[in-house]
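Summary of structural features
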Amino acid sequence: QKVEISNLKILDSVELENYFLNNIEENSLFFFKDEKINKLTKKYELINSVEIKKIFPNKVKLKIFEKIPIGILYEGKRTFYITKDGDIINFFKNSKLEKLPIIYGKGKNFINIYNTLIIEKFPLNEIKAFYFFEIGRWDIILKNKKIIKLPPENFDKRIKDFIKIMNHKNFDKYTIFDYRIKKQLILN
């Protein structure tokens with residue numbers, strides 16, 4: 001049999017083709033079953049869905065749709081990727097994902113702050129790391145070493161406030177923007 005894989009952005013097509021070919025027992029496409037695809041998606045958690053086209057007599061075309069990783073999550077001593085949809089998948093080395101922001105703490109709350117950053121049009125490419133604190137709040141560390149300390153509630157308003165001043169010259173000398181106290185900004 002022959003396998004043709006398309007639509008990949010992160011995973012390696014040659015590796016997937018080899019895995020797929022090595023895990024097919026039947027010689028006929030008539031007996032090709034969905035369980036083969038299930039094996040593939042269990043081994044490669046980054047796969048969201050697969051479109052299959054059987055081309056007789058002996059070819060399979062797979063169009064693979066990948067989940068979109070948005071961060072590398074360190075939760076205790078374990079490492080994961082967290083996806084745009086909030087899925088947490090096991091970490092694997094991939095050079096295309098090395099520059100994702102680091103997330104320290106609980107991943108379950110991360111998607112709320114991420115979606116808020118998207119809505120507010122925050123420049124995500126400037127974020128180096130996120131720190132989650134058990135009291136329910138986040139710190140955002142930027143690549144330029146500025147730190148944004150957010151409160152547990154109404155952090156969306158504080159993100160808006162920071163976006164308004166982040167490029168203003170009067171704030172260049174400050175590295176810490178502390179919004180934890182209601183209706184105050186403490187600069188350091």
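Residue positions are given per chain, counting from 1 as you read along its sequence in written order. Only residues with pLDDT of 70 or above have their local features reported here, since the model is predicted, and side-chain atom pairs are shown and tallied only from 80 upward, although totals for entire chains, interfaces and linings are computed over all residues. Excluding hydrogens and water, the side-chain figures rest on all heavy atoms present in the structure.

The subject of this paragraph is the packing of aromatic side chains. When the centres of two rings from Phe, Tyr and Trp lie within 6.5 Å, Trp using its six-membered ring, the rings pair. Their planes under 30 degrees apart give stacked, over 60 give edge-to-face, and anything left gives tilted. Inspection of the entire model under this criterion finds 14 aromatic pairs. Ring plane angle 25 degrees and centroid distance 5.0 Å describe the contact between Tyr81 and Phe91, whose orientation is recorded as stacked. You can see Tyr81 sitting in strand 5 (residues 78–83) and its partner Phe91 sitting in the loop between strand 6 (88–90) and strand 7 (102–104), a full ten residues away along the chain. Residue exposure (1.4 Å probe, protein chains only): buried if accessible area is under 20% of the type maximum, exposed if over 50%, otherwise partly exposed. Residue classification places Tyr81 among the buried residues on the basis of a relative accessible area of 1%. Take Phe91: its relative accessible area is 35%, and that puts it in the partly exposed class. Ring plane angle 15 degrees and centroid distance 4.6 Å describe the contact between Tyr104 and Tyr131, whose orientation is recorded as stacked. Of this pair, Tyr104 sits in strand 7 while Tyr131 is found in strand 8 (residues 127–133), placing the two residues 27 residues apart along the sequence. Overall, Tyr104 belongs to the partly exposed group, its relative accessible area being 31%. The helix and strand labels rest on DSSP assignments: H or I over at least four residues marks a helix, E over at least two residues marks a strand, and numbering proceeds from the N terminus.

Moving on, we get to the sheet that holds strand 6. Strand order in the open sheet formed by nine strands is 6-5-4-7-8-9-10-11-12, with mixed pairing between adjacent strands. Each of the sheet's edge strands pairs with one partner strand only, and the pair in question is strand 6 and strand 12 (186–187). One ladder, built from three bridges, connects strand 10 (residues 147–149) with strand 11 (residues 176–178); its direction is parallel. The residue bridging Ile147 from the neighbouring strand is Ile176, located in strand 11. Relative to strand 9 (residues 137–142), helix 3 (residues 110–119) is tilted by about 55 degrees, and along the sheet it contacts strand 4 (69–75), strand 5, strand 7, strand 8 and strand 9. At least two bridges found by DSSP between two strands is the condition for calling them paired. We call two residues contacting when some pair of their heavy atoms lies within 4.5 Å. All axes here are fitted lines through C-alpha atoms, helices being fitted over the stretch that makes contact, and every angle between N-to-C directions spans 0 to 180 degrees.

It is worth spelling out unusual backbone geometry at this point. Apart from glycine, the bulk of residues carry a negative phi angle, and the bulk of peptide bonds sit in the trans form. Backbone geometry places Asn7, a non-glycine residue, at a positive phi of 80 degrees. With respect to the helices, strands and loops of the structure, Asn7 is situated in the loop between strand 1 (2–6) and helix 1 (13–22). Residue class for Asn7 comes out partly exposed when judged on its relative accessible area of 28%. One non-glycine residue, Lys121, lies in the positive phi region at around 60 degrees. Its location among the elements puts Lys121 in the loop between helix 3 and strand 8.

Only one rule defines a salt bridge in this text: a Lys or Arg side-chain nitrogen within 4 Å of an Asp or Glu carboxyl oxygen. Overall, the coordinates contain seven salt bridges when judged by the stated rule. Among the salt bridges present, the one from Asp139 reaches Arg137, with a minimum N-O distance of 2.6 Å. The same class applies to Asp139 and to Arg137, which are both buried. The partner of Arg180 in a salt bridge is Asp178, and the shortest N-O contact between them spans 2.6 Å. Judged by relative accessible area, which is 9%, Asp178 ranks as buried.

Regarding helix 1, the residues found buried are Leu16, Tyr19 and Phe20. Along the axis of helix 1, the buried positions cluster into a sector of 95 degrees, meaning they face one direction only. The opening residue of helix 1, the one whose side-chain oxygen lies 3.4 Å from the backbone nitrogen of Val14, is Asp12. The directions considered for the arc are those from the helix axis to the C-beta atoms. Counted as a polar contact is a pair of N or O atoms within 3.5 Å, where, for protein atoms, one must be capable of donating a hydrogen and the other of accepting one, and residues adjacent in sequence contribute only when both atoms are in side chains.

Shape is all these values report; function is a separate question.
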